[in-house]
Amino acid sequence: MAGVVGGGGSVPSLPPPRPKSPPEYPDLYGKRRELAKVQRLEREIGFLEEEMKSIEGLQPASRSCKEVADFVMGNVDPLIPTTKKIRRSQRFWKWLCFWCSGVSCLDVSWICCCWSPSCCECTLCSCSNPCRRCRMPKCNCCSSSCWNSKCFSKSSTSTCSWINCCAPKCPSCLITCSSLRCKCYPNCPKVNTSTSSICSCFCNKSCCCSCYPCYFCY
Amino acid sequence: MSVTELKERHIAATETVNTLRDRLKQKRLLLLDTDVAGYARAQGKTPVTFGPTDLVCCRTLQGHTGKVYSLDWTPEKNRIVSASQDGRLIVWNALTSQKTHAIKLPCAWVMTCAFSPSGQSVACGGLDSVCSVFNLNSQTDKDGNLPVSRMLSGHKGYVSSCQYVPDEDTHLITASGDQTCVLWDITTGLRTSVFGGEFQSGHTSDVLSVSINGFNSRMFVSGSCDSTARLWDTRVASRAVGTFHGHEGDVNTVKFFPDGNRFGTGSDDGTCRLFDIRTGHQLQEYSQPNGENETRHVTSIAFSISGRLLFAGYTNGDCYVWDTLLAKMVLNLGSLQNSHDGRISCLGLSADGSALCTGSWDTNLKIWAFGGHRRVI
């Protein structure tokens, strides 16, 4: 190592180390950093001036709002309840169900349940045995009076309505589903059961109403 | 030039920047003739309504033993990866609730995770300032752990967010506490581009979130503690394409709107906002007045597939569903019976838009789907 004194007496000893003050370096790092900050701001000024010019030709916000609205309304959303205008043919079913509910009943109410575009309109049918032939899922009523009853196939349904029905069952589902999800259409395929699943129903797409990948029924 | 002179130049430049920003703000205000809600109301639009069973929790994914910080869905199939304070990534089958992988991380301080487009790999990042990539098909080691297949090192601060470039398993964008975003080539493990930083025009504080445009994967947006969101073009790293002001707190989360022409933000100021990337206009603010002594930050956001719904998770455990058109809160998932017991830290929508997954500090993830009656015409 340089500066290590040897053992021979003839060798002149090196002068002892003298501490030196560090050279007066300019604060390069701080200066460079400061310069970088300034340059960054000056670039920012350039960008802002550009933006100031370009803003003159910008469209007003309403144009963008219209684009948003058009996009949103033009797309189907699997997470949103769909409520669409009732078509003429549907009006007939609604009328039929309404008529059915008000007048001494002809046994036609099954039509509105089974063939009405919307089974919710079954609530309008208060005839006895309203959904006798309806192939929509059987429901268990939430109300204690008809708990576990299949209200839609009971002869008296005055206390049971679709609204009160909280747990539809797929036709061959042994365990009651815990939600309204498992709404089976006519010709529902076989439905398996599994205790591990939330819904306890293994349905496929054709079984569940508008199931995309059906998180209840798989 | 002396340091003193530089400081004087700095002061002068700051003043000029502030003046220009004010003038821009004034000019922009003149162009804001309406917002989305005003426009929609004028068009006679009515808010979305949810019945009590329309949007319900249909799965609770239990397995983490620490706070859940991040989640991501696979683009295909129905798998989710989640990252937790317990130092693990868990890959879930969302349909069966089963765990397919539980990956013990070399560094437990994980903050973010992402699924690759092919579903073959997952990536995560955190306080180790590294983005680690795991190939899910790799053989586990003798301890049963999945080895790291690639470590992306180069950030000088924590990795707060990562997202794979759509349709490319080999490229990924990270956001970091070092004020930059980085585009990585996973094959080589090298940085392809750095966005922002000390010597470039970019964020002036920690970057917390990134979102890549699904329609144009060269464009991405970032949110930062400097209260701004910035739009970037991966081909031009030197400067942001646009800077979006308006928030009065850290921008914790950013997400592209499904049309690719707008993006949403969520912030510590408790609001979510919708910005237009072409005009820079803030099109809408989504906020509700805070209760007394309540400070509620937005932690995470996601849009439904049509863009009609904006899901926003908050630090107080709320998870609002906003009607984006009417700027009305139409449902609070946090108030439902089987909701989370803690802060909603992350949320995301499945690729087909049929399910929402939320992650919480209560250690659970929950899957929400439409459980109501769908009228058919």
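Residues numbered from 1 in each chain as written. Chains lettered and ligands numbered in written order. Predicted model: local features only at pLDDT ≥ 70, side-chain atom pairs only at ≥ 80, totals over all residues. Heavy atoms only, no water.

What about the sheet that holds strand 20 (residues 272–276) of chain B?
Strand pairing within a sheet occurs via backbone hydrogen bonds; the two strands may be parallel or antiparallel.
Part 1 of the reasoning: A sheet is described by the order of its strands in space; here four strands give the open sequence 18-19-20-21 (chain B), paired in antiparallel fashion. The sheet is open, and its two edges are formed by strand 18 (251–256) and strand 21 (282–286) of chain B, each paired on a single side. Strand-to-strand twist across the sheet, computed as the mean angle between neighbouring axes with direction ignored, equals 20 degrees.
Part 2 of the reasoning: The pairing of strand 20 of chain B with strand 21 of chain B spans four bridges and is classified as antiparallel. Among the inter-strand pairings, Arg273(B) is bridged to a residue of strand 21 of chain B, identified as Glu285(B).
Part 3 of the reasoning: The sheet contacts of helix 2 (residues 61–73) of chain A involve strand 19 (262–267), strand 20 and strand 21 of chain B, and relative to strand 21 of chain B the element is tilted by about 65 degrees. (Pairing = 2+ DSSP bridges. Helix = DSSP H or I, 4+ residues; strand = E, 2+ residues; numbered from the N terminus. Axes fitted to C-alpha atoms, helices over the stretch in contact; angles between N-to-C directions. Contact = heavy atoms within 4.5 Å.)

Considering the environment of Ile90(B)
Part 1 of the reasoning: On the secondary structure map, Ile90(B) appears in strand 4 (residues 88–93).
Part 2 of the reasoning: With relative accessibility at 3%, the residue Ile90(B) sits in the buried group. (Buried < 20%, exposed > 50% of the residue type's maximum accessible area, 1.4 Å probe, protein only.)

Quick word on the interface of chain B and chain A
Part 1 of the reasoning: Each side of the interface is counted separately: chain B has 82 residues, and chain A has 64 residues.
Part 2 of the reasoning: At the junction of chain B and chain A, the tally comes to seven salt bridges.
Part 3 of the reasoning: We note a salt bridge from Arg262(B) to Glu67(A), for which the minimum N-O separation is 3.1 Å.
Part 4 of the reasoning: At the boundary of chain B and chain A, one finds 16 residue pairs in polar contact (both at pLDDT 80 or more).
Part 5 of the reasoning: Elements with a minimum of two residues in the side of chain B that touches chain A: helix 1 (3–31), helix 2 (36–42), strand 1 (55–61), strand 20, strand 23 (309–314) and strand 28 (365–370) of chain B.
Part 6 of the reasoning: In terms of residue count, the dominant contributor to the side of chain B that touches chain A is helix 1 of chain B (16 residues).
Part 7 of the reasoning: A breakdown of the residues in the side of chain B that touches chain A according to their chemical character gives 35 nonpolar, 26 polar and 21 charged. (Salt bridge = Lys/Arg side-chain N within 4 Å of Asp/Glu carboxyl O. Polar contact = N/O pair within 3.5 Å; in protein donor to acceptor, adjacent residues only side chain to side chain. Nonpolar A, V, L, I, M, F, W, Y, C, P; charged D, E, K, R; others polar.)

Quick notes on the UniProt feature "coiled-coil region" (unreviewed entry) in chain A
Part 1 of the reasoning: The UniProt feature table records "coiled-coil region" (unreviewed entry) at residues 31–58 of chain A.
Part 2 of the reasoning: Annotated as residues 31–58 of chain A, this span is 86% helix and 0% strand, and its ends, taken at the C-alpha atoms, are 40 Å apart. (UniProt positions renumbered as here; feature names shortened; annotations may be inferred.)

What about the sheet that holds strand 7 (residues 121–126) of chain B?
Residue and element names in this part refer to chain B.
Part 1 of the reasoning: If you walk across this open sheet you meet the four strands as 6-7-8-9, and the pairing is antiparallel. Strands at the two margins of the open sheet, each flanked by one partner only, are strand 6 (110–115) and strand 9 (150–153). The sheet shows a mean angle of 20 degrees between the axes of neighbouring strands, direction not considered.
Part 2 of the reasoning: Pairing between strand 8 (residues 130–135) and strand 9: four bridges, direction antiparallel. When the bridges of strand 9 are listed, Val133 appears paired with Arg150.

Re the environment of Ser222(B)
Residue and element names in this part refer to chain B.
Part 1 of the reasoning: One can find Ser222 in strand 15 (residues 219–224).
Part 2 of the reasoning: Between the C-alpha atom of Ser222 and that of Leu152, which follows or precedes it by 70 residues, the distance is 19 Å.
Part 3 of the reasoning: Among residues more than four places away in sequence, those in contact with Ser222 are Cys181, His203, Val207, Ser209, Val210, Thr228, Ala229, Arg230, Trp232 and Val254.
Part 4 of the reasoning: Separated by 2.9 Å, the side chains of Ser222 and Trp232 make a polar contact.

Quick notes on the UniProt feature "repeat: WD" (unreviewed entry) in chain B
All names here are of chain B.
Part 1 of the reasoning: Mapped onto the present numbering, the UniProt feature "repeat: WD" (unreviewed entry) falls on residues 61–102, 152–194, 200–235, 244–285 and 337–368.
Part 2 of the reasoning: Each end of residues 61–102 is marked by a C-alpha atom, and these two atoms are 13 Å apart; helix forms 0% of the span and strand 55%.
Part 3 of the reasoning: In this annotation, residues 200–235 is assigned 0% helix and 47% strand; the end-to-end C-alpha distance for the span is 15 Å.

As for the pairing of strand 15 of chain B
In regular strands, side chains alternate between the two faces of the sheet.
Residues and elements named next belong to chain B.
Part 1 of the reasoning: Judged by how many residues are buried, strand 15 sits mostly within the fold: six of six residues are covered.
Part 2 of the reasoning: Where burial is concerned, the two faces of strand 15 agree: the one with Met219, Val221 and Gly223 and the one with Phe220, Ser222 and Ser224 are both buried.
Part 3 of the reasoning: Note: strand 14 (residues 207–212) against strand 15, five bridges, orientation antiparallel. Residue Val210 lies in a different strand from strand 15, and its bridge partner there is Ser222.
Part 4 of the reasoning: The hairpin turn running from strand 14 into strand 15, its antiparallel successor, is six residues long.
Part 5 of the reasoning: Linking strand 15 back to strand 16 (residues 229–233) in an antiparallel pair, the connection comprises four residues, with Ser227 at a positive phi of about 70 degrees.

Quick look at the pairing of strand 5 (residues 99–104) of chain B
All names here are of chain B.
Part 1 of the reasoning: Direction of pairing for strand 4 relative to strand 5: antiparallel, over a ladder of five bridges. Paired with Val91 across the two strands is His101, which belongs to strand 5.
Part 2 of the reasoning: As consecutive antiparallel partners, strand 4 and strand 5 are separated by five residues, and within that stretch Ser97 has a phi angle of approximately 70 degrees, a positive value.

Considering the packing of aromatic side chains
Residue and element names in this part refer to chain B.
Part 1 of the reasoning: Evaluated as defined, the whole model comprises twelve aromatic pairs over all chains.
Part 2 of the reasoning: Plain terms: the ring middles of Tyr320 and Trp322 are 5.8 Å apart, the flat faces sit at 70 degrees to each other, and that makes the pair edge-to-face. Neither Tyr320 nor Trp322 differs from the other in exposure class; each is buried.
Part 3 of the reasoning: Through a chain of ring-to-ring contacts, the aromatic side chains of Phe244, Phe256, Phe263 and Phe275 assemble into a single cluster.
Part 4 of the reasoning: The cationic tip of Lys67 hangs over the ring face of Trp361; the distance from NZ or CZ to the ring centre is 3.9 Å. (Phe/Tyr/Trp six-rings, centres within 6.5 Å; stacked < 30°, edge-to-face > 60°. Lys NZ or Arg CZ within 6 Å of the ring centre and 35° of its normal.)

Re the pattern of salt bridges
Part 1 of the reasoning: Under the definition given, this model contains 16 salt bridges over all chains.
Part 2 of the reasoning: Residue Asp70(A) is joined to Lys66(A) by a salt bridge in which the shortest nitrogen-to-oxygen separation is 2.7 Å. With Asp70(A) and Lys66(A) both in helix 2 and four residues apart, this pair spans about one turn of that helix.
Part 3 of the reasoning: Between Asp323(B) and Arg308(B) there is a salt bridge, with its nearest N and O atoms 2.8 Å apart. In this pair, Asp323(B) is assigned in strand 24 (residues 319–323) and Arg308(B) in the loop between strand 22 (298–303) and strand 23, connecting sequence segments 15 residues apart.
Part 4 of the reasoning: For Arg308(B), a relative accessible area of 9% translates into the label buried.
Part 5 of the reasoning: Put simply, Glu67(A), Asp259(B), Arg262(B), Asp276(B) and Arg278(B) are held in one network by salt bridges that share partners.

A short note on the side chain of Ser193(B)
All names here are of chain B.
Part 1 of the reasoning: As for its placement among the helices and strands, Ser193 is situated in strand 13 (residues 190–195).
Part 2 of the reasoning: Here Ser193 falls in the buried class, since its relative accessible area comes to 13%.
Part 3 of the reasoning: When residues no more than four places from it in sequence are discounted, the contact partners of Ser193 are Cys181, Val182, Leu183, Thr234 and Ala237.

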